[in-house]
Each structure stands twice: as structure tokens, then as C-alpha cells.
Amino acid sequence: MSAVYVWIETFDGKAVPASWEALAAGKMLADSFGVPLTALVFGDNASAVASEAAFYGASKALVSDDATLKDFRLEPYAALLTKLVQDNAPRAVLAAATSRGRELLAASAADTDSPMLSDVLKLEVNDGKATAERAAYAGKVLSDAAVVADGTQFITIRSRAFKAATPDASAKADITTVQPVLSEDQIVTKSEGFEAEVGTVNLTDAAIIVSGGRGMANNPKEPPAGTDKPDVWKAQDGFQNVLQPLADVLGAAVGASRAAVDAGYIPYAHQVGQTGKTVSPDLYIACGISGAIQHQAGMRTSKIIVAINKDPEAPIFKMARYGLVGDLYQIIPALTEEVKKRLGK
Ligand SMILES: Cc1cc2nc3c(=O)[nH]c(=O)nc-3n(C[C@H](O)[C@H](O)[C@H](O)COP(=O)(O)OP(=O)(O)OC[C@H]3O[C@@H](n4cnc5c(N)ncnc54)[C@H](O)[C@@H]3O)c2cc1C
């Protein structure tokens with residue numbers, strides 16, 4: 001077995017920060033197995049990103065900077081990853097558990113008939129045997145799974161579960177160029193749509209998240225006469241003019257429950273939960289969110305949870321470290337002012 005591979009996800013020619021966390025997880029495995037840590041970088045600006053991967057601990061890099069790989073598309077990316085795995089039989093292939101990381105590794109694991117562990121929270125190696133901890137049943141149960149000793153194990157790493165290494169700008173990696181497998185005429189998908197992250201901070205990388213739920217519609221402000229959907233107007237106004245200022249002063253990203261997204265209060269890119277994003281910030285402030293199991297599935301591993309809800313029986317209070325019972329439209333502006341004062345903003 002030759003190496004531990006880590007796919008470095010890029011966007012607009014820059015590495016996605018969660019990839020450095022996956023690289024840290026990969027380094028732990030590579031060091032324990034006594035094999036090199038190899039970064040895989042495909043697409044625009046691949047060589048520069050590979051050099052950066054060295055700063056974060058990669059000793060080797062395989063790069064493919066070809067027009068067919070400019071933007072992420074599953075077919076050419078999976079074909080190349082599968083070929084690298086078939087040719088070199090790495091011990092493990094890791095990536096951040098983003099939508100793309102999950103999609104790419106699952107496809108390549110299926111193509112190579114290899115096992116896959118997704119959304120891993122912890123990795124340990126004892127006497128040469130590696131185990132991975134992951135959440136099951138919407139985060140209610142933590143399970144340990146053995147990393148296969150023969151063959152290649154595919155693993156995606158939950159954002160913020162591992163700490164990225166402190167970059168060492170003097171570190172260098174052996175960079176090898178590899179050719180893409182598919183030519184443009186063999187690729188059926190001509191462009192793969194993506195949703196831009198909205199807000200100043202990427203939700204999955206954010207250290208602080210302020211989230212709003214259906215309760216955002218109980219805004220006391222009245223919409224202009226003739227407004228088509230007053231609830232949607234009220235909630236959108238609340239997200240923009242009440243929740244966002246708190247997020248701004250804390251340097252936080254804005255999240256939402258599915259109820260808020262489904263009602264059209266805020267785009268899907270903000271949804272936290274089982275069918276949205278899985279987040280693990282240091283601080284998660286849930287405002288007007290009841291705390292349904294599917295919402296918990298996406299934010300349960302947050303370090304500190306604060307709940308603001310007018311219903312003292314809301315399930316979110318069972319998991320919150322701090323709970324404020326009351327109207328979010330009174331509490332949030334007061335909290336924003338207080339935080340501003342304390343932070344001298
Ligand atoms: C297959 C499946 C997948 C799902 N995936 C997700 C998912 O990914 N993410 C997700 O979030 N949900 C998901 N859901 C939906 C989930 O079951 C809940 O319906 C949803 O999370 C409820 O959102 P909410 O808490 O905003 O709304 P509600 O449950 O309606 O809660 C609103 C809360 O706001 C409070 N409130 C109202 N007004 C105020 C006020 N002025 N001040 C303070 N508090 C106030 C209320 O007391 C209440 O607790 C999924 C469901 C299914 C079946």
C-alpha cells in the first residue's frame with residue numbers, strides 16, 4: 001500500500017479550508033501507517049494549491065491542471081481519482097465531507113468496489129489498526145468502524161472535526177503531473193451548477209452560526225400595504241434586519257431551519273440539518289427554532305448551543321447550554337447591542 005491520498009477541494013482556483021482539516025486527518029493516518037501523505041489537486045491553479053498543501057503537511061502531490069477539470073464535474077474527477085486508486089492502491093482516500101467530497105469519494109469507492117466511511121468525526125490508530133468514529137441515526141448514536149487493512153478505504157471528514165495544521169511556508173512537496181482520463185467529448189455533463197454561499201462566511205467553516213426558524217415570521221413590523229405574502233416579508237425582514245446584524249457583530253454565518261427555507265424566508269444554501277448542511281461551530285445560536293430531530297442532526301456537535309424561543313417546552317432547550325425564553329424580536333436586538341458594547345464595536 002503506497003500512500004494516504006487526500007483530495008483537496010478547490011473553488012475558483014483556491015482550496016476550500018475544510019480540505020486542510022481532511023489533510024490533518026490524513027496526516028495522522030499516513031504517519032501511523034508509515035506511508036507518504038499525498039494531496040490530489042485537480043483543476044485550475046492546481047500546482048499553486050499543491051504547493052500550499054505542502055505547507056499543511058502533504059509530502060507529495062498529484063496534480064492535473066486541464067481544461068476538462070477547470071470546474072468540478074463528477075465524471076472527469078471520478079474517472080481520474082478511480083484511475084489513480086487502481087494504479088497506485090493507496091491505503092486510504094480522504095476528503096472533506098462537503099457535497100462534492102461526498103459525491104466524488106462515493107462514486108470512486110463504487111467504481112473500485114472499495115468501502116466508504118462518510119462524515120467521520122474521529123480517527124484513531126492502535127497497533128496498526130485504524131478505527132473511525134461517525135454519527136448514526138441523525139446523530140443520536142456514535143459508532144466505531146474499523147478502517148480496512150487490505151484494499152483502499154474511502155473516508156470523508158466532517159468539517160471542523162479535525163484541526164488544520166499550522167501552515168509551514170518553508171515546506172515543499174514532490175509534485176507529479178497526471179493526465180486526465182476523459183476528454184471533453186467523453187464527458188456528458190457540460191457544466192455542473194453550483195449554489196454560491198450566501199453571506200460573508202461559509203456555513204460549514206463558520207466558528208459561529210446564528211440560525212433562524214419559522215419563528216422569524218412573528219416579526220411585529222408590518223409589511224407595506226398590499227404585500228402579497230406578509231409572513232414571508234416579515235420573516236425576510238427579520239433575517240435581514242434583526243438576525244444579520246447579530247451575525248455581523250459576531251462575525252458569524254447565518255443558518256436556518258428547513259421550515260424557514262421551505263417557506264421561502266431564506267435560500268436553501270443556509271439550511272442546517274439532515275437534508276441541509278452539517279455544521280459544528282464553536283457557538284450555535286438557534287432563534288425561533290423548535291429543535292426537531294432533523295434539525296438537530298445537522299448541528300448537534302456544535303460546542304456551545306444557545307436557544308432563543310418563546311416556548312419553554314421547545315425541544316431545543318434540552319440540548320442548549322444556555323436558553324433564553326422569550327420573543328426573539330425583543331431578545332436579539334438587545335443581545336446585538338450588548339455584544340457590540342462588550343466588543344467595543
Ligand atoms: C425527511 C425530513 C428531513 C428534514 N430535514 C430537515 C433539515 O435538514 N433541517 C431542518 O431544520 N428541518 C428538517 N426537517 C423538518 C423538521 O422536522 C422540522 O419541521 C423543522 O426543523 C421545523 O423548523 P422550525 O423549528 O423552524 O419550525 P417549528 O417547529 O414550527 O418551530 C418554530 C419555533 O419558533 C418558536 N417561536 C415562534 N415565534 C417566536 C418568537 N417570536 N420568538 C421566539 N421563538 C418563537 C416556536 O415556539 C417554535 O418552537 C426535515 C423533516 C423531514 C421529514
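This is a predicted model, so every value here is computed, not measured. (Residues numbered from 1 in each chain as written. Predicted model: local features only at pLDDT ≥ 70, side-chain atom pairs only at ≥ 80, totals over all residues. Heavy atoms only, no water.)

With respect to the site of the ligand
Piece 1. Near the ligand, the surroundings consist of 25 residues, among which Arg214, Ser257, Thr275, Ser290 and Gln294 are the closest.
Piece 2. Ser257 is positioned such that a nitrogen or oxygen atom in its side chain is 2.6 Å from an oxygen atom of the ligand.
Piece 3. Sorting the residues of the shell around the ligand by element identifies helix 6 (258-262) and helix 7 (293-299) as the ones contributing at least two each.
Piece 4. Of the residues contributing to the shell around the ligand, the split by class is five nonpolar, 15 polar and five charged. (Near = heavy atom within 4 Å. Polar contact = N/O pair within 3.5 Å; in protein donor to acceptor, adjacent residues only side chain to side chain. Helix = DSSP H or I, 4+ residues; strand = E, 2+ residues; numbered from the N terminus. Nonpolar A, V, L, I, M, F, W, Y, C, P; charged D, E, K, R; others polar.)

Some thoughts on the sheet that holds strand 13 (residues 253-256)
Piece 1. Ordered by their spatial adjacency, five strands build an open sheet running 13-12-14-15-16, and the pairing between neighbours is parallel. At either end of the open sheet lies a strand with only one pairing partner, and these are strand 13 and strand 16 (322-325). Each strand of the sheet is rotated relative to its neighbour by a mean of 15 degrees, with strand direction disregarded.
Piece 2. Judged from the five bridges that link them, strand 14 (residues 283-287) and strand 15 (residues 304-309) form a sheet pairing that is parallel. For Ile285, the partnering residue across the bridge sits in strand 15 and is Val306.
Piece 3. The strands touched by helix 5 (residues 230-250) are strand 12 (208-212), strand 13 and strand 14; relative to strand 12, the strand with the most contacts, the crossing angle is about 170 degrees.
Piece 4. Across the sheet, helix 9 (residues 328-343) lies against strand 14, strand 15 and strand 16, angled at about 130 degrees from strand 15, the strand it touches most. (Pairing = 2+ DSSP bridges. Axes fitted to C-alpha atoms, helices over the stretch in contact; angles between N-to-C directions. Contact = heavy atoms within 4.5 Å.)

Comments concerning helix 5
Piece 1. Under the 1.5 Å per step criterion, the end-to-end length of helix 5 is 29 Å for 21 residues, consistent within 8% with the ideal 30 Å.
Piece 2. At Gln244, helix 5 shows its maximal bend, which comes to roughly 40 degrees, and the proline Pro245 appears one to four places after that position.
Piece 3. All of the buried residues along helix 5 are Val232, Lys234, Ala235, Asp237, Gly238, Phe239, Val242, Leu243, Leu246, Ala247 and Val249.
Piece 4. Here the buried face of helix 5 lies against strand 12, strand 13, helix 6, strand 14 and helix 9.
Piece 5. Note on helix 5: the residue one or two positions beyond its end, Gly251, has a positive phi of about 70 degrees. (Expected span 1.5 Å × (residues − 1). Bend = angle between axes of the 7 residues up to and from the residue. Buried < 20%, exposed > 50% of the residue type's maximum accessible area, 1.4 Å probe, protein only.)

Concerning the packing of helix 5 against helix 9
When two helices pack together, their arrangement is given by the angle between their axes and by how far apart the axes lie.
Piece 1. Packing of helix 5 against helix 9 brings their axes to within 8 Å, and their N-to-C directions diverge by 20 degrees. Between helix 5 and helix 9, the crossing angle belongs to the class labelled roughly parallel. Considering how the two elements wind past one another, helix 5 and helix 9 form a crossing that is left-handed. Where helix 5 abuts helix 9, its residues Lys234, Gly238, Val242, Leu243, Pro245, Leu246, Val249 and Leu250 lie against Tyr329, Ile332, Pro333, Leu335, Thr336, Val339, Lys340 and Leu343.
Piece 2. Partitioned by chemical class, the residues of the contact of helix 5 with helix 9 number twelve nonpolar, two polar and two charged. (Parallel < 35°, antiparallel > 145°, perpendicular 65-115°, else oblique. Left-handed = near helix turned anticlockwise from the far one by under 90°.)

Overview of the side chain of Asp237
Piece 1. Relative to the assigned elements, Asp237 resides in helix 5.
Piece 2. Beyond its immediate sequence surroundings of up to four residues, Asp237 is in contact with Asn219, Lys221 and Val242.

Considering the pairing of strand 6 (residues 92-96)
Piece 1. With respect to burial, strand 6 is a largely interior element, five of its five residues being buried.
Piece 2. Residues Ala92, Leu94 and Ala96 point to one face of strand 6 and Val93 and Ala95 to the other, with burial holding for every one of them.
Piece 3. In the sheet, strand 6 pairs with strand 10 (residues 153-157) via five bridges, with the strands oriented parallel. Bridging across to strand 10, Ala95 finds its partner in Thr156.

Regarding the pattern of salt bridges
Piece 1. For the structure on display, the rule yields 14 salt bridges.
Piece 2. The salt bridge partner of Asp237 is Lys221, with a shortest N-O separation of 3.1 Å. Of the two residues, Asp237 is situated in helix 5 and Lys221 in the loop between strand 12 and helix 5; the sequence distance between them amounts to 16 residues.
Piece 3. Judged by relative accessible area, which is 8%, Asp237 ranks as buried.
Piece 4. What makes Lys221 partly exposed here is its relative accessible area of 41%.
Piece 5. With a shortest N-O distance of 3.7 Å, Lys341 and Glu338 are connected by a salt bridge. Of this pair, Lys341 and Glu338 are both found in helix 9, three residues apart, which corresponds to roughly one turn of the helix.
Piece 6. Within this structure, Arg73, Glu184 and Lys190 form a network of salt bridges that share partners. (Salt bridge = Lys/Arg side-chain N within 4 Å of Asp/Glu carboxyl O.)

Looking at helix 9
Piece 1. Compared with the 22 Å implied by 1.5 Å per residue over 16 residues, the 21 Å span of helix 9 between its first and last C-alpha is a close match.
Piece 2. For helix 9, the full list of buried residues reads Leu328, Tyr329, Ile331, Ile332, Thr336 and Val339. In an axial view of helix 9, the angular spread of the buried residues amounts to 155 degrees, which keeps them on one side of the axis. With respect to the buried face of helix 9, the exposed residues turned more than 90 degrees away are Gln330 and Lys341.
Piece 3. Those residues of helix 9 that are buried lie in contact with helix 5, strand 14, strand 15 and strand 16.
Piece 4. Here helix 9 starts with a cap whose side-chain oxygen sits 2.8 Å from the backbone nitrogen of Tyr329, and that cap is Asp327.
Piece 5. Remark: Gly344 follows helix 9 within two positions and exhibits a positive phi of approximately 65 degrees. (Arc of directions from axis to C-beta.)

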